[in-house]
Amino acid sequence: MSANITNGTSSSLPTSMESNLDVLVHNRDGSLIIGASGLSGRYWAGSLWFYEDPSNAPEIEKCSAGVQTEAGVTDIEWIDESRIAVASDSGAIEVWHLVNSRSAFRNLFYLYEHDDTVHAVSINSNKTRLVSGSSDKLIKIWDLPTQRSVSTLHGHTRKVECVVCSPNELEVFLSCSQDGSILLWDMRKPKPAHRLDRASDAALPTCVNWKPGESHVVAIGDEVGKITIQDARSGNGENGVRSASAHTRAVHRLAFSPKNSSWLASVSEDCTAAVTDLHPEPKQVYRSYSHNDFVHGVSWDPLSNKLLTCGWDRQVISHDVNLPNTAVPL
């Protein structure tokens, strides 16, 4: 059974921000949420930080709201203008609500069903279902209105690295795992609808994302730094596949520009951020060396189209991709 724990509102800011900034995500109004993790004494702790003005990140004194979490934060997804879903390394799914004109966090619930770290969460297009993937090899489907899990999917044999819902098809999502597979799912069915074909020498996938404007085209990042673009429906692993070596180590996240769907941003454990133009053939148009540790978070500002990245160096960097190789620490 799920544990459902409801907390009060937290209006006081945490005294410090952990050094490992693992994820940052813009809301559609341009505001920003950051998830941080780090060792606090003998315990691995986490926190959430909300900025009405992203240019203030990561300054604690200028954040609009902040809250300490029970464990490290691994992923975040906006549900709407004031609610966020959080993946925790405790194995929990958390939902937080920004209240009091978005000046404080209120916990709506914690849901514990995974037996290990949750690495990814994604929400379907009508905001009713949440998908989570974990080191326990399982994928779970959660019903947000009733706050309970409705399905457990057994398709992977190792850690689930990433899950991402289709922006166009309500019940469809992708998952990738350290078992080497990328699976296409229909939430209404207990088994995957399709396994994406990949080259026999392909490296393990680490992240996936859907290409805007093309319902079945996906981007795949892998453990050796390569980005691959392919049709999720293709039965031929070599047909229509395009790839580029974007990094020298594992790709951690991928994000398409909301203003230019051929621009794909990627961040990596090689401590760099890059933007690849996919049209007509993949080519690098931007790279930043401003981080000095793993880069784990990447998000495009939907209003300005500036790129923000964060990493384990406790930096949030703003990149103006229209100006080649320009990176500005915030």
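In case you missed it, the structure is sitting above this.
Residues numbered from 1 in each chain as written. Predicted model: local features only at pLDDT ≥ 70, side-chain atom pairs only at ≥ 80, totals over all residues. Heavy atoms only, no water.

Caption draft 1: Examining the sheet that holds strand β10 (residues 118-123) more closely. On the basis of which strands lie adjacent, the open sheet formed by four strands has the order β10-β11-β12-β13 and antiparallel pairing. Two strands close off the open sheet at either side, each with one partner strand: β10 and β13 (148-153). Ignoring strand direction, the axes of neighbouring strands in this sheet form an average angle of 25°. In this structure, strand β12 (residues 139-143) lies alongside β13, joined through five bridges in antiparallel fashion. Opposite Asp143, over in β13, you have Arg148 as the bridge partner. (Pairing = 2+ DSSP bridges. Helix = DSSP H or I, 4+ residues; strand = E, 2+ residues; numbered from the N terminus. Axes fitted to C-alpha atoms, helices over the stretch in contact; angles between N-to-C directions.)

Caption draft 2: Layout of the sheet that holds strand β5 (residues 65-69). The four strands are arranged β2-β3-β4-β5 in an open sheet whose pairing can be described as antiparallel. Of all the strands in the sheet, just β2 (20-26) and β5 have a single pairing partner and so form its edges. Between one strand and the next, the sheet's axes are offset by a mean angle of 15°, whatever the strand orientation. Bridge analysis of strand β4 (residues 43-51) against β5 gives five bridges, and the strand direction is antiparallel. Each residue of the ladder has a partner; that of Trp49, found in β5, is Gly66.

Caption draft 3: Looking closely at unusual backbone geometry. With an omega of 5°, the peptide bond running from Ala57 to Pro58 counts as cis. Relative to the helices and strands, Pro58 resides in the loop between β4 and β5. Looking along the chain, the bond that leaves His279 and enters Pro280 is cis, with omega of 0°. Mapped onto the elements, Pro280 comes out in the loop between β24 (273-277) and β25 (283-288). Look at Asn100: it is not a glycine, yet its phi comes out positive at around 55°.

Caption draft 4: Representation of the nonpolar core within the structure. Counting 24 residues, the largest nonpolar core has Leu174, Leu196, Val208 and Leu264 as the members making the most contacts within it. If you list the elements that add at least two residues to this core, you get β14 (160-165), β15 (172-177), β16 (182-186), β18 (205-210), β19 (217-222), β20 (226-231) and β22 (251-256). Per element, the largest residue contribution to this core is four residues, and it comes from β19. One finds Val23, Leu98, Phe105 and Tyr110 within the second-largest nonpolar core, a separate group that totals 16 residues. (Core = buried A, V, L, I, M, F, W, Y, C linked by side-chain atoms within 4.5 Å. Buried < 20%, exposed > 50% of the residue type's maximum accessible area, 1.4 Å probe, protein only.)

Caption draft 5: Fine view of the state of the cysteines. One pass over the full model with this rule turns up zero disulfides. For Cys165, which is in no disulfide, the shortest distance to another cysteine sulfur is to Cys162 and amounts to 10 Å. Taking relative accessible area as the criterion, Cys165 reaches 7% and is therefore assigned buried. Of the cysteine sulfurs around Cys310, a residue in no disulfide, the closest is that of Cys271, at 13 Å. (Disulfide = S-S within 2.5 Å.)

Caption draft 6: The pairing of strand β11 (residues 129-134), seen in detail. The element β11 is extensively covered by neighbouring structure, given that five of its six residues are classed as buried. Pairing between β10 and β11: five bridges, direction antiparallel. Its bridge partner lying in β11, Val118 is registered against Ser134. Here β10 folds back onto β11 in antiparallel fashion, the turn holding five residues, of which Lys127 has a positive phi close to 65°. Sheet topology places β11 next to β12; five bridges connect them, and they run antiparallel. Residue Leu130 lies in a different strand from β12, and its bridge partner there is Trp142. The loop that links β11 with its antiparallel partner β12 comprises four residues; one of these, Lys137, has a positive phi angle of about 80°.

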